[in-house]
Amino acid sequence: MIKPKLIFVILLIVSSCTSQSNESEVLEVITQSMIDAEEKRCVDKYEIEKIDTSIKKYLDTTNLEVVKKNSIKNLNYFLDDKNTIIEQLRFYREQENEDFKEITKTYTKEEEEYLEDKNTYLELVNDNHLKYRDTVQNGVFFNQIFKNNRASLKTVVRNNGATVFKFGNQQSIQPFYYLNFDSEKDLKILATYYHDGIKDSVPTPIEPYSFPLNSIPVKAMKHVDSLTLEFKIKYVSKIDSIQFNKNEIGVQKEGFKLLKMEKNYLEYETPNDYYPYHKGSILKVKYFNNNGDVLDNKYSISNCSIETPEEDYNERLSNSKNIEKHIKNVDSKKEAYLILKYLAIKRLNAEYAKTKKVKTTVEGNIDALTLYLENTRDTITFVTTLKNTSPVKNIYIHELEDQTQFIDKNGQIINTIPSPIYFLYSSKTDSHSDTYFFTDTDKVKDREYYFINQDKATVTKLPYDSLEFLYPSVIAAELATDNRSYKLLSAKTSQLLSDKTFDRFLEMYYTGKGMMAYANDEAFILYDQNEKLIDRESENVTKIILKKENY
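We now turn to the structure provided with this report. (Residues numbered from 1 in each chain as written. Predicted model: local features only at pLDDT ≥ 70, side-chain atom pairs only at ≥ 80, totals over all residues. Heavy atoms only, no water.)

### Side note on the overall build of the protein
Then, number 1: Looking only at helices and strands, one finds eight helices and 32 strands in the protein.
Then, number 2: A compact globule built from 551 residues should have a C-alpha radius of gyration of about 24 Å, whereas the protein, at 33 Å, is more than 25% larger.
Then, number 3: Along the longest, intermediate and shortest principal axes, the C-alpha atoms of the protein span 100 × 65 × 50 Å.
Then, number 4: Out of the 551 residues in the protein, the part that is buried amounts to 43%.
Then, number 5: Sequence separation of at least 24 residues holds for 63% of the intrachain contacts in the protein that already meet a minimum separation of 6.
Then, number 6: Element-wise, carbon and sulfur atoms account for 47% of the exposed surface of the protein, whose accessible area totals about 30,000 Å². (Helix = DSSP H or I, 4+ residues; strand = E, 2+ residues; numbered from the N terminus. Rg over C-alpha atoms; globule rule 2.2 N^0.38 Å. Buried < 20%, exposed > 50% of the residue type's maximum accessible area, 1.4 Å probe, protein only. Contact = heavy atoms within 4.5 Å. Areas by Shrake-Rupley, 256 points an atom, 1.4 Å probe, with all protein chains shown as cover.)

Below, the structure written as structure tokens:
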């Protein structure tokens, strides 16, 4: 369905332009307090932000006289094309109804699909917000990212269940964050602690999606030691429920009205738009057949209009007239801004009052419906400290669109490569190196390979055609020759581990013999400086000892 949108179509250009009535009319002066009152009535604050941004952008790029002309053109569009507009509105409604007719049917018992009848009260009202708080306060770490001249912190603990990961010699578990879907959270940075002892204590609200799945922005392009974050969790503490049966068509209960319930099709009205959450918002809906089985949902549309096409058109026309008659006499863009924003939000509120029908089909013959509604929402507030997984380093990566900068702990540039980069990946550990990387090129053969030496604060280009992890501690480096030949490097230092040149490798995984390295017609098993077999668990390999193997 195409939902009606904001009707101050200020950008619409129509070829014809007829003169309007010159009758004088005393108009009310639109003030900021009138806008505030309409904003308070509006249930969707995000839509208000969109309106505000759209109007400001329009007025910033459009001459005031053009704004006035566009309002006339928009009005003429509604006056001149009345029948076309009504037919378009009718078509959308009829198409929507046809779509539902095609999937409305009577089900046999064998065709019905059921859901488990869980305890909905426990699903919606529980202590998951406390589990969430306790999990967060157990400790959160972050990796710091520098990208496009901005610094951000990406949390290491993620919402994906229990997975082991390591910080140096410490081992931790990535927790699952318990939080109900309908819970809301506000986040605020209370303090940011930088490596040089500087503390930013200006409270800074951030977007709720920044934690745990996205990045938390910080102000300065330098190493952050830790960050104090305030959480405000708004959770449902009490719910109500309303039930409709098949014999209650036309019955209204607490603002909800049952319109249709036949075969697998259901239609009902809501009191108003129910997002964002507030008292009376629908949190969950259950559909039942005549045996009390919970039916699976098939297809739903909310916010359907309850108006006829003619009523919809008349409201749009009235809104366009209001814009034109208020705009034509304004002397400043400030006046135009107040008019356009007030009428847009007023129209939005009127739309929400008329777009409150829900249409649904389910996987069975529906006999009853239960709506679970929000009654009360409580709040808990807590604070936690996020810590950097890494100590202060000599080199950090700053990603830009077409180049990569290497910066120090204070954001000062050390070196620059005119290309994006990718760090070398190890399939054996499913992880990336933090020292070896290559440039982003169209062809693999054109890649350039580099090594970051944190101790010396240097970025060095390597004289190899390709690099590949043999083991987490050993890298095979392909030489720039006609025949494939390789040297073995330390994964930590880029130093050669053996003087010998090899032509291929074979891991003896199932026999436990480690890695077979071939040089001409000879085969060798790789051992470290302590004469221990090198395998996937080997660490700190500083030298390779070759032991000849007969094959």
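### Things to note about the pattern of salt bridges
Then, number 1: The tally for this structure, following the rule as stated, stands at 36 salt bridges.
Then, number 2: The salt bridge involving Glu87 is made with Arg90; its shortest N-O contact spans 3.5 Å. In this pair, Glu87 and Arg90 are both assigned in helix 4 (residues 82–103), three residues apart and thus about one turn of the helix distant.
Then, number 3: The partly exposed category is assigned to Arg90, whose relative accessible area is 24%.
Then, number 4: One network of salt bridges, with partners in common, ties together Arg93, Glu307, Asp312, Glu315, Arg316, Arg347, Glu351 and Lys354. (Salt bridge = Lys/Arg side-chain N within 4 Å of Asp/Glu carboxyl O.)

### Section: the sheet that holds strand 30 (residues 514–519)
Then, number 1: What the four strands build is an open sheet, ordered 29-30-31-32; its pairing is antiparallel. Across the chains shown, the open sheet's two edge strands, defined by having one partner strand only, are strand 29 (504–508) and strand 32 (545–549). In this sheet, adjacent strand axes meet at a mean angle of 35° when their direction is disregarded.
Then, number 2: Pairing of strand 31 (residues 522–527) with strand 32, which is carried by five bridges, proceeds in the antiparallel orientation. By the bridge assignment, Phe524 is partnered in strand 32 with Lys548. (Pairing = 2+ DSSP bridges. Axes fitted to C-alpha atoms, helices over the stretch in contact; angles between N-to-C directions.)

### Description of the pairing of strand 3 (residues 150–155)
Side-chain direction in a regular strand flips from residue to residue, so the side chains alternate between the two faces of the sheet.
Then, number 1: Here six bridges tie strand 2 (residues 140–147) to strand 3, and the two strands are oriented antiparallel to one another. Residue pairing across strands places Phe142 opposite Thr155, the latter belonging to strand 3.
Then, number 2: The pairing of strand 3 with strand 9 (residues 215–218) spans four bridges and is classified as antiparallel. Bridge pairing links Ala151 to Val218 in strand 9.

### Some points on the sheet that holds strand 17 (residues 355–362)
Then, number 1: Spatial ordering of the open sheet is given by 11-12-13-17-16, a layout of five strands whose pairing is antiparallel. At either end of the open sheet lies a strand with only one pairing partner, and these are strand 11 (252–253) and strand 16 (297–305).
Then, number 2: Here strand 12 (residues 256–262) pairs with strand 13 (residues 265–269) via five bridges, running antiparallel. Within the sheet, the bridge partner assigned to Met261 lies in strand 13 and is Leu266.
Then, number 3: Sheet contacts for helix 4: strand 13, strand 16 and strand 17; angle to strand 16, the most-contacted strand, approximately 160°.
Then, number 4: Strands strand 16 and strand 17 of the sheet are contacted by helix 8 (residues 333–354), whose axis makes an angle of about 40° with strand 17.

### Focus: the packing of aromatic side chains
Then, number 1: Across all of its chains, the model carries 20 aromatic pairs by this definition.
Then, number 2: On the basis of an interplanar angle of 65° and a centroid distance of 5.7 Å, the ring pair of Tyr486 and Phe505 is categorised as edge-to-face. Of this pair, Tyr486 sits in strand 28 (residues 486–490) while Phe505 sits in strand 29, placing them 19 residues apart in sequence.
Then, number 3: For Tyr486, a relative accessible area of 13% gives the class buried.
Then, number 4: Judged by centre distance (5.7 Å) and plane angle (50°), the rings of Phe502 and Phe505 are tilted.
Then, number 5: Its relative accessible area of 1% is what places Phe502 among the buried residues.
Then, number 6: One aromatic cluster in this structure is built from Tyr132, Phe211, Phe231 and Phe382.
Then, number 7: When the ring centre of Phe244 is taken as reference, the NZ or CZ atom of Lys253 above it lies at 5.0 Å.
Then, number 8: Taking the ring centre of Tyr527 as reference, the NZ or CZ of Lys547 above it sits at 4.4 Å. (Phe/Tyr/Trp six-rings, centres within 6.5 Å; stacked < 30°, edge-to-face > 60°. Lys NZ or Arg CZ within 6 Å of the ring centre and 35° of its normal.)

### What to know about the packing of helix 1 (residues 32–41) against helix 8
Then, number 1: For the pair helix 1 and helix 8, the least separation of the axes is 9 Å and the interaxial angle reads 25°. One element, helix 1, and the other, helix 8, form an angle in the roughly parallel class. Handedness of the crossing formed by helix 1 with helix 8: left-handed. Here helix 1 contributes Gln32, Met34, Ile35, Glu38, Glu39 and Arg41 to the contact with helix 8, which in turn contributes Leu338, Lys341, Tyr342, Ile345, Lys346 and Asn349.
Then, number 2: Split by residue class, the contact of helix 1 with helix 8 holds five nonpolar, two polar and five charged. (Parallel < 35°, antiparallel > 145°, perpendicular 65-115°, else oblique. Left-handed = near helix turned anticlockwise from the far one by under 90°. Nonpolar A, V, L, I, M, F, W, Y, C, P; charged D, E, K, R; others polar.)

### Some thoughts on the side chain of Ser485
Then, number 1: You can see Ser485 is positioned in the loop between strand 27 (474–478) and strand 28.
Then, number 2: Given the relative accessible area of 12%, Ser485 is considered buried.
Then, number 3: Once residues within four sequence positions are removed from consideration, Ser485 is found in contact with Ala477, Glu478, Leu479, Thr501 and Phe502.

### Re the environment of Ile55
Then, number 1: Among the structural elements, Ile55 can be located in helix 2 (residues 45–60).
Then, number 2: Take Ile55: its relative accessible area is 0%, and that puts it in the buried class.
Then, number 3: In this structure the C-alpha to C-alpha distance between Ile55 and Leu340, which are 285 residues apart in sequence, comes to 7.2 Å.

### What to know about unusual backbone geometry
Then, number 1: Of note, the phi angle at Asp430 is positive, near 50°, even though the residue is not glycine.
Then, number 2: When you line up the elements, Asp430 lands in the loop between strand 22 (421–426) and strand 23 (431–439).
Then, number 3: Given a relative accessible area of 57%, Asp430 falls into the exposed group.

### Remarks on the pairing of strand 14 (residues 282–288)
Then, number 1: Counting buried positions along strand 14 gives five out of seven residues, so the element sits mostly inside the fold.
Then, number 2: Hairpin connection between strand 14 and strand 15 (residues 294–295): a loop of five residues separates the two successive antiparallel strands, and Gly292 in this loop has a positive phi of roughly 85°.

### Description of the packing of helix 7 (residues 309–327) against helix 8
Then, number 1: Direction vectors running N to C along helix 7 and helix 8 enclose 165°, while the axes themselves pass 10 Å from each other. Relative to helix 8, helix 7 is oriented roughly antiparallel. Judged by the twist between their axes, the crossing of helix 7 over helix 8 is right-handed. Facing helix 7, whose interface residues are Asp312, Glu315, Arg316, Asn319, Asn322, Ile323, His326 and Ile327, helix 8 presents Ala336, Ile339, Leu340, Leu343, Arg347 and Lys354.
Then, number 2: Residue classes in the contact of helix 7 with helix 8 are distributed as six nonpolar, three polar and five charged.

Such coordinate-based values are descriptive only and should not be taken to indicate function.
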